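Here's the letter readout for the chains.
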Amino acid sequence: MARRSGFPGRRAVWYFGSFPTYMAYVIAEPCIGTKDSACVDACPVDCIHPKKDDARFAEAEMLYIDPVECIDCGACVPVCPVSAIFALDDLPEKWAGFTEKNAAFFAR
Ligand code: SF4
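Note that the structure is a prediction, hence the values are computed from the model and not measured.

Caption draft 1: View of the overall build of the protein. Helix and strand content of the protein: two helices and seven strands. Listing each helix as α and each strand as β along the protein from the N terminus yields β-β-β-β-α-β-β-β-α. In the protein, the share of contacts with a sequence separation of at least 24, taken over all contacts with a separation of at least 6, comes to 65%. Taken as a whole, the protein presents about 6,000 Å² of accessible surface, with 52% of it coming from carbon and sulfur.

Here you go:
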């Protein structure tokens, strides 16, 4: 289980074990059941998963951004047809839980 730190600064930090994870962009609720994958194609560092050829794609309810690999470029945001991707600072409070949800997918 991830825990949020009291780390000061612009971005939230989550710890998995002793490793800090800085969240940049987060995929939120509108992606559930959509999984359009335009963001996967737009991402220059291949950090949005699972992809369509991944065995986990069919069972995943949504796509997730790897907070370690994300370079904070924002290329995924405008291509999402359901506006599901947000910079952490712009993430609506009602979807705050998706910060941990994105990070947790990569902690397995
Ligand atoms: Fe990929 Fe850039 Fe989106 Fe991060 S912000 S998930 S690097 S496209």
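Once you've had a look at it, read on.
Caption draft 2: Just the site of the ligand, in detail. Surrounding the ligand, one finds 13 residues, the nearest of these being Cys43, Cys70, Cys73, Gly74 and Cys76. Grouping the amino acids of the shell around the ligand by side-chain chemistry returns 12 nonpolar, one polar and no charged.

Caption draft 3: View of the nonpolar core. Formed by 30 residues in total, the largest nonpolar core has its most connected members in Ile27, Ile48, Leu63, Ile65 and Ile85. Contributions of two or more residues to this core are made by strand E4 (25-27), helix H1 (38-42), strand E6 (64-65), strand E7 (85-87) and helix H2 (97-105).

Caption draft 4: Structural context of the packing of aromatic side chains. By the definition in use, this model includes three aromatic pairs. Considering the side-chain rings of tyrosine 64 and phenylalanine 105, the 4.5 Å spacing of their centres and the 15° angle between planes classify their relative orientation as stacked. Note that tyrosine 64 is positioned in strand E6 and phenylalanine 105 in helix H2, a separation of 41 residues in sequence. Each member of the pair, tyrosine 64 as well as phenylalanine 105, is classed as buried. With 5.1 Å between their ring centres and 85° between their planes, phenylalanine 105 and phenylalanine 106 make a pair best called edge-to-face. Overall, the relative accessible area of 26% leaves phenylalanine 106 in the partly exposed class. Among the aromatic residues, those joined into a cluster by ring pairs are Tyr64, Phe105 and Phe106. The ring centre of phenylalanine 57 lies 4.5 Å from the NZ or CZ of lysine 35, which sits over that ring. Taking NZ or CZ as reference, lysine 94 lies 4.7 Å from the ring centre of tryptophan 95, over its face.

Caption draft 5: Spatial organisation of the pattern of salt bridges. Counted under the stated rule, the structure contains three salt bridges. Two residues, lysine 101 and glutamate 61, come together in a salt bridge whose shortest N-O distance is 2.4 Å. Residue lysine 101 is located in helix H2, and its partner glutamate 61 is located in the loop between strand E5 (48-49) and E6; the two are separated by 40 residues in the primary sequence. Its relative accessible area of 29% is what places lysine 101 among the partly exposed residues. Relative accessible area serves as the criterion here: at 35%, glutamate 61 is assigned to the partly exposed category.

Caption draft 6: Expanded view of unusual backbone geometry. For the peptide bond that leads from histidine 49 to proline 50, omega is -5°, which places it in the cis range. By the secondary structure assignment, proline 50 is in the loop between E5 and E6. Not every positive phi belongs to a glycine, and serine 37 is a case in point at roughly 80°. Its location among the elements puts serine 37 in the loop between E4 and H1. Overall, serine 37 belongs to the buried group, its relative accessible area being 8%. In this structure, aspartate 46 takes a positive phi of about 60° despite not being glycine. Of note, aspartate 46 is situated in the loop between H1 and E5.

Calculation criteria
Residues numbered from 1 in each chain as written. Predicted model: local features only at pLDDT ≥ 70, side-chain atom pairs only at ≥ 80, totals over all residues. Heavy atoms only, no water. Helix = DSSP H or I, 4+ residues; strand = E, 2+ residues; numbered from the N terminus. Contact = heavy atoms within 4.5 Å. Areas by Shrake-Rupley, 256 points an atom, 1.4 Å probe, with all protein chains shown as cover. Near = heavy atom within 4 Å. Nonpolar A, V, L, I, M, F, W, Y, C, P; charged D, E, K, R; others polar. Core = buried A, V, L, I, M, F, W, Y, C linked by side-chain atoms within 4.5 Å. Buried < 20%, exposed > 50% of the residue type's maximum accessible area, 1.4 Å probe, protein only. Phe/Tyr/Trp six-rings, centres within 6.5 Å; stacked < 30°, edge-to-face > 60°. Lys NZ or Arg CZ within 6 Å of the ring centre and 35° of its normal. Salt bridge = Lys/Arg side-chain N within 4 Å of Asp/Glu carboxyl O.

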